[in-house]
Structure formats: C-alpha cells, structure tokens
Amino acid sequence: MDIVKSLGHPEEIMNLFKFKMGGCRAVMPKLDDESMSQSLRTCYTYLNQTSRSFAAVIESLDGDLRHAVCIFYLVLRSLDTVEDDMTIPLETKVPMLNDFHTFLYQSDWCFTESQEKDRQVLEDFPTISLEFRKLGQQYREVISDICHRMGMGMAEFLEKKVGSMKEWDLYCHYVAGLVGIGLSQLFSASQLADPEVGQDTELANSMGLFLQKTNIIRDYLEDTQQGRAFWPQEAWGQFADSLEDLAKPEKLQSALSCLNLLVTDALRHVPDVLTYLARLRNQSIFNFCAIPQVMALATLSACYNNPMVFRGVVKIRKGQAVTLMMNANNMEAVRTIITQYSGQLLQKVSLTDPSRAETLHILGVIVEKSAPLQPALQSKSTHLSPMYLSAAMLLAALSWQYLSTTVAQAQGTGDMQRH
Ligand code: IN0
C-alpha cells in the first residue's frame, strides 16, 4: 500500500526498499541493550510503544544523552497523558499537574485510574522515576525544572481557552517550547553541543513551537470532535462564529482562509529552526532534531489550503517520511528540503487568500535563508548548481508576486480582506 501511494515518486519507492533492507540502521544504529538494567529496558519498551520511528532516533543518540532523552520523553508523555485525560476531574487534575515534578522523587507514585491509550506510563511510573533518579544531576535538574514549568502551564490552560495569537504562542511554549529548551540544556549538559545551544532559549522555543503548531493545525478535526479547542479564537473569529463551524461544507472558503493564516503563522518559526540546526555539531543530535522539523514542514505543506484538514486526516506518505528521514542528516540537505517545500507551498498560494501577502513574504524570507546566494563565496567558475538556480528562480517569482500584490493593494484593487 505504501508503495502504491508513492507510485508517482520513484525515489520514494527506492527509499522504502532501502529502509526496509536495513538502510534505517545507517541513520539509526541499533541499541546495545546487553548492559542495561531490566527497568531501563522496560523504559525503552514503553518508548517504542508510544512512537516507533521516533524511538529509533532517540536510541541512536550518543553516550549517556540517549538515556536522559528517553527518560525525559517518557516523563513528558506521562504529564501529557494526565493533561489529555478528560475523565480526571479538574480538582484532581490541577494539583496533579502542579505537583508532577515532585513525583519524580517519590519512588512509589503512580496513577492507575487513567483511561488514556498511553496509561501504562502512569501505571508503571515507578519504573520511569527509578531510572530518572539514576541519571546524572545535570540531567535531573533540567528534567525536573521543565516538568515543573510545564505542569503549571498546562494547569493554567485547563481553565482558559486559547484566545489571542499571543496566547497560542504561550500555550505552545508550555507544551512544546519548554521541551525544546529542556532538550537543548540536556545537549549542552552532555557536552555534545556548545553551551550556546542550551543558553539560547528563544531558538529552542521556536523548534518546539514549529512542531506543536503543525500538530494543532493538522489535528483540527480529531481535536474538535473530542471537545478540545487549540486553534486560537483570534484566528477563527475572523471567519466563523464557532471553531466547529469551520467543518461545515458551506464554510469551506472561510475554513481554508483560517487554515492558511495559521500555516503562515507557523512558518514564521522556520528561520529560527535553520539557525538552531546550523549550530549543532554532533551527528546524532543533528538527526534527532532535523528529522521532526522537516517532517513538520512536509505536513504543513500537505495541510496548506487542503479541505481534507476539515474532513479527515492529512498524513504524509510513508515513502515521503522515509525519504526525509534518510536525507535530513546535514545542513545542506535540510536547506534543499526546505527550499523544495517552500516552492511547493508557493505554488498553492491562491490569488484570493486573505493571508497571501504575509505567506509570500515569509516564504521569501525562508528561501533566502535556506539557500543563501553568496557570490563572494562562490567559486570563480561560471557554473551555478541547480540548487542555487532553482532558489534564485523561486526568489524572483516570490518577489514578483509580492510586488504585484503590494501594488494591487496600493491601488485599492487587491482582493485581500484583512489588515
Ligand atoms: C519531541 C520532539 C522533538 C524532537 C527533537 C528536537 C526537538 C526540539 C524542540 C522540541 C521538540 C523536539 O519531537 C517529537 C516527534 C514525534 O514524536 N513524532 C511522532 C510523529 C507525530 O506526528 O507525533 C512520531 O511518532 O515520530 C514530538 O513531536 N514531540 C516531542 C516530545 C518529546 C521530546 Cl523529548 C521531543 C512532541 C512535541 C509536543 C512537539 C514537543
């Protein structure tokens, strides 16, 4: 089935085969679990149960960073499971979230009343907390501090909706930006990344915001059907009376306008993502960070202007995911991937979209940053690589589109409804 879906993309079919034949191990070497305690092995089993492909990238992290990230991931998953569980009454849930960081030091704390699919991490929390307490102090301090701040942030948002775009950033900061900040501090603590990586919390925050905004955009239907609302009112309020109304067939144009506005907002984080990734020197950390980011960009591009966001599930092809996983292992390749998806997005920007000008603007910024044309650094030969040529053509197209929109606006003949 995966192969059938990739029929129009021969390179994906090749990569699906390569990946199945063991190509995945080139990106993700297998974990040597001979020397691990039974409880640590159980932790890796839980990690694989929640996310197969992501587990493989964590398992290939170098040195003791691997265990620290594995435990961090499981602790975050536990916190997330509490936040998501609609069957826990608020008067139980709020103190649980606020105090969650203290459970890391209570050897017998567990929660056996969850109905969520990942409830096992809460039921067997003593195994996770035991391994947490075995980590070096430099790792424990980071994990506990992030847990504390995230639990408080989640509790704050249980009782209020995501209203303004600023609040959207704040909610995403609590649930994902803090993950980026914590991970960056773990990288630096392991000495596999420069101290600067752990200190620059703005860039680390953007890494998380880009992933989480993409998830929230993609999961519109699933979330609204389950009574959750993560799309900010400041966005949907411009186009509908309620968030659920966006799923009505007669509201499709409004729904697409709102969707495209949010995709454009998420794209604002891509320049920071590029700066962050360019600072990483360790190969295993680079792969771990770059793969989710390029997957998110591919997902965002698939969602843009796509009515399926309001009717079902938008997923990237398995062949596409495997190709991204195998390719996104150096900065040059990541730049090429980002330029390619910017081109795909550019082709989809419609003449009548209210966010058109902003979308074209941010795409221009991204293309310029992902394929910097530096004539001074180029070889003296007149040869230009296809990558530079396509980036230059993309930039020219963007500038032209942007200028024509601005002129149309100035003449009052533009088709934009906002601003
Ligand atoms: C993550 C992030 C993650 C990885 C690497 C660097 C990061 C830097 C900043 C913030 C987050 C970073 O990645 C995972 C990716 C993942 O789980 N992918 C799923 C697919 C999917 O669509 O969910 C998979 O099955 O492969 C991620 O999404 N989150 C996450 C959680 C914990 C950790 Cl330690 C790292 C979740 C979230 C909410 C985006 C932070």
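Residues numbered from 1 in each chain as written. Predicted model: local features only at pLDDT ≥ 70, side-chain atom pairs only at ≥ 80, totals over all residues. Heavy atoms only, no water.

1. Some remarks on the environment of G237
Next, step 1: The topology assignment puts G237 in the loop between α14 (233–236) and α15 (252–267).
Next, step 2: In this structure the C-alpha to C-alpha distance between G237 and C258, which are 21 residues apart in sequence, comes to 9.0 Å. (Helix = DSSP H or I, 4+ residues; strand = E, 2+ residues; numbered from the N terminus.)

2. A short note on the site of the ligand
Next, step 1: The immediate surroundings of the ligand are formed by 18 residues, with S51, S53, G180, Q212 and R218 found nearest.
Next, step 2: Note that an oxygen atom of the ligand is positioned 3.3 Å from one of the side-chain N or O atoms of S53.
Next, step 3: Residue R218 places a side-chain N or O atom 3.1 Å away from an oxygen atom belonging to the ligand.
Next, step 4: Calculation on the ligand without its partners gives an accessible area of 760 Å², and the protein chains cover 78% of this total.
Next, step 5: Listing elements by their share of the shell around the ligand, those giving two or more residues are α4 (52–59), α5 (65–84), α10 (165–189), α12 (201–218) and α17 (283–303). (Near = heavy atom within 4 Å. Polar contact = N/O pair within 3.5 Å; in protein donor to acceptor, adjacent residues only side chain to side chain. Areas by Shrake-Rupley, 256 points an atom, 1.4 Å probe, with all protein chains shown as cover.)

3. Regarding the packing of helix α19 (residues 331–348) against helix α20 (residues 356–370)
Next, step 1: The N-to-C vectors of α19 and α20 enclose an angle of 155 degrees; their axes lie 9 Å apart at closest approach. Taken as axis vectors, α19 and α20 run roughly antiparallel relative to one another. Remark: the crossing between α19 and α20 carries left-handed chirality. Residue-level inspection shows R335, I338, T339, S342, L345 and L346 of α19 in contact with α20, the latter providing L360, L363, I366, V367, K369 and S370.
Next, step 2: In terms of residue class, the contact of α19 with α20 is made up of 7 nonpolar, 3 polar and 2 charged. (Axes fitted to C-alpha atoms, helices over the stretch in contact; angles between N-to-C directions. Parallel < 35°, antiparallel > 145°, perpendicular 65-115°, else oblique. Left-handed = near helix turned anticlockwise from the far one by under 90°. Contact = heavy atoms within 4.5 Å. Nonpolar A, V, L, I, M, F, W, Y, C, P; charged D, E, K, R; others polar.)

4. Points about the packing of aromatic side chains
Next, step 1: A full pass over the atoms with the stated rule returns 15 aromatic pairs.
Next, step 2: Considering the side-chain rings of F100 and W109, the 5.6 Å spacing of their centres and the 75 degrees angle between planes classify their relative orientation as edge-to-face. The two residues F100 and W109 agree in class, both being buried.
Next, step 3: Geometrically, the ring pair formed by Y220 and F310 is edge-to-face, given 5.1 Å between the ring centres and 65 degrees between the ring planes. Here Y220, found in helix α13 (residues 220–225), pairs with F310, found in the loop between α17 and α18 (318–327); they are 90 residues apart in sequence, far enough to count as distant.
Next, step 4: Of the aromatic side chains, those joined through ring pairs into one cluster are F54, Y73, F187 and F288.
Next, step 5: Between the NZ or CZ atom of K160 and the centre of the ring of F157, over which it lies, the distance is 4.5 Å. (Phe/Tyr/Trp six-rings, centres within 6.5 Å; stacked < 30°, edge-to-face > 60°. Buried < 20%, exposed > 50% of the residue type's maximum accessible area, 1.4 Å probe, protein only. Lys NZ or Arg CZ within 6 Å of the ring centre and 35° of its normal.)

5. With respect to the side chain of S129
Next, step 1: Considering the arrangement of structural elements, one finds S129 in helix α8 (residues 125–134).
Next, step 2: In terms of polar contacts, S129 uses its side chain to reach the backbone carbonyl oxygen of P126, at 3.4 Å.
Next, step 3: The residues touching S129, leaving out its near neighbours within four places in the chain, are F103, L104, Q106 and S107.

6. So, the environment of L261
Next, step 1: Following the sequence through the fold, L261 ends up in helix α15.
Next, step 2: Owing to a relative accessible area of 9%, L261 belongs among the buried residues under this scheme.
Next, step 3: For the pair formed by L261 and T359, sequence separation is 98 residues and the distance between their alpha carbons is 8.1 Å.

7. Comments concerning the nonpolar core
Next, step 1: W231 and L277 are the most contacted members of the largest nonpolar core, which totals 128 residues.
Next, step 2: Excluding residues that lie within four positions of it along the chain, W231 makes contacts with V162, I216, I217, Y220, W236, L243, L246, C258, L259, L262, V309 and F310. (Core = buried A, V, L, I, M, F, W, Y, C linked by side-chain atoms within 4.5 Å.)

8. Topic: the pattern of salt bridges
Next, step 1: The final tally for this structure, using the stated rule, is 14 salt bridges.
Next, step 2: Between D118 and R77 there is a salt bridge, with the nearest N and O atoms lying 2.6 Å from each other. Placement of D118 in the loop between α6 (90–103) and α7 (120–123) and of R77 in helix α5 is noted, with a sequence separation of 41 residues between them. R77 carries the same exposure label as D118, and that label is buried.
Next, step 3: Between K160 and E156 there is a salt bridge, and its shortest N-O distance comes to 2.9 Å.
Next, step 4: Since its relative accessible area comes to 32%, E156 is described here as partly exposed.
Next, step 5: Here the salt bridges do not stand alone but share partners, grouping D169, K213, D265 and R268 into one network. (Salt bridge = Lys/Arg side-chain N within 4 Å of Asp/Glu carboxyl O.)

9. Things to note about the confidence of the model for the chain
Next, step 1: With 83% of its residues at a pLDDT of 70 or more, the chain shows a mean pLDDT of 89.
Next, step 2: Within the model, the stretch residues 412–419 combines pLDDT values under 50 with 20 contacts to residues more than four positions away or in other chains. (pLDDT = per-residue confidence, 0-100.)

10. Quick notes on unusual backbone geometry
Next, step 1: With phi around 70 degrees, Q191 is a residue other than glycine that occupies positive phi space.
Next, step 2: With respect to the helices and strands, Q191 occurs in the loop between α10 and α11 (195–199).
Next, step 3: The residue N305 is not glycine, and still its phi comes out positive at about 55 degrees.
Next, step 4: Note on placement: N305 falls in the loop between α17 and α18.
Next, step 5: Classification of N305 as partly exposed rests on a relative accessible area of 27%.

11. Some details on the packing of helix α16 (residues 270–278) against α17
Next, step 1: α17 packs onto α16 with a crossing angle of 165 degrees between their chain directions and a minimal axis gap of 10 Å. By the angle between their directions, the pair α16 and α17 is classed as roughly antiparallel. For the pair α16 and α17, the crossing hand works out as left-handed. Note on element contacts: α17 touches α16 through F286, C289, A290 and Q293, opposite V273, Y276 and L277.
Next, step 2: Considering only residue class, the contact of α16 with α17 consists of 6 nonpolar, 1 polar and no charged.

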